[in-house]
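Architecture at a glance
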Amino acid sequence: YVLPTSEFQSLVQVAEQHEMGIDDVCALQSVSEAALLHTVRVRYLRNIIYTRVARVLIAVNPFCSLPIYSSQHTDQYLGAFDSAELPPHVFGLSNDALQR
């Protein structure tokens, strides 16, 4: 598919943050559906299955085992005052729910 030149202006400019795949989508300079999907995709390709949108956690099924559910991970999130200071993880979401 070749995009017509007349539609170039409607495209959202890609920032470096979009290319990296940031932990929290809300930290992006511009948040859009495309930025969200690209961020989740980039992280998934790096075997990082969790992405945060403020206090909401997006999880993508990796269809394989990942070493992210060890007791070391559990302890890391249990000791956290605020899970937003750590990488997104279901343990952080659970810890936040228990603290509130």
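Everything in this summary refers to the structure shown in the same document.

Thresholds applied
Residues numbered from 1 in each chain as written. Predicted model: local features only at pLDDT ≥ 70, side-chain atom pairs only at ≥ 80, totals over all residues. Heavy atoms only, no water. Pairing = 2+ DSSP bridges. Helix = DSSP H or I, 4+ residues; strand = E, 2+ residues; numbered from the N terminus. Salt bridge = Lys/Arg side-chain N within 4 Å of Asp/Glu carboxyl O. Buried < 20%, exposed > 50% of the residue type's maximum accessible area, 1.4 Å probe, protein only. Expected span 1.5 Å × (residues − 1). Arc of directions from axis to C-beta. Phe/Tyr/Trp six-rings, centres within 6.5 Å; stacked < 30°, edge-to-face > 60°.

With four bridges joining them, strand E1 (residues 50-53) and strand E2 (residues 56-59) adopt antiparallel strand pairing. Residue pairing across strands places Arg 52 opposite Leu 57, the latter belonging to E2.

Attention shifts here to the pattern of salt bridges. Across all of its chains, the model carries three salt bridges by this definition. In this structure, the salt-bridge partner of Asp 23 is Arg 43, at a minimum N-O distance of 2.8 Å. Taken together, the residues Asp 23 in the loop between helix H1 (16-20) and helix H2 (33-45) and Arg 43 in helix H2 connect sequence positions 20 residues apart. According to the relative accessible area criterion, Asp 23 is partly exposed, its value standing at 31%. Residue classification places Arg 43 among the buried positions, given a relative accessible area of 3%. One salt bridge connects Arg 55 with Asp 96, and the closest N-O pair in it is separated by 2.8 Å. Of this pair, Arg 55 sits in the loop between E1 and E2 while Asp 96 sits in helix H4 (residues 90-99), placing them 41 residues apart in sequence.

For H2, which comprises 13 residues, the first-to-last C-alpha distance of 18 Å matches the rise-based estimate of 18 Å (1.5 Å per residue) to within 8%. Within H2 the residues assigned to the buried category are Ala 35, Thr 39, Val 40, Val 42 and Arg 43. Seen from one end, H2 has its buried residues packed into an arc of 165°, which puts them on one side. Away from its buried face, by an angle of more than 90 degrees, H2 presents the exposed residues Glu 33, Ala 34, Leu 37, Arg 41 and Leu 45. Once H2 ends, the next one or two residues include Asn 47, with phi positive near 60°.

What follows covers the environment of Glu 7. On the secondary structure map, Glu 7 appears in the segment before H1. As a C-alpha pair, Glu 7 and Glu 85 span 78 residues in sequence and 40 Å in three-dimensional space.

Right, let's talk about the packing of aromatic side chains for a bit. The description of two aromatic rings rests on the distance between their centres and on the angle between their planes. Within the structure shown, the criterion is met by one aromatic pair. For the pair Tyr 69 and Phe 91, a centre-to-centre distance of 6.0 Å together with 75° between the ring planes defines the contact as edge-to-face. You can see Tyr 69 sitting in the loop between E2 and helix H3 (71-78) and its partner Phe 91 sitting in helix H4, a full 22 residues away along the chain. For Phe 91, a relative accessible area of 22% puts it in the partly exposed group.

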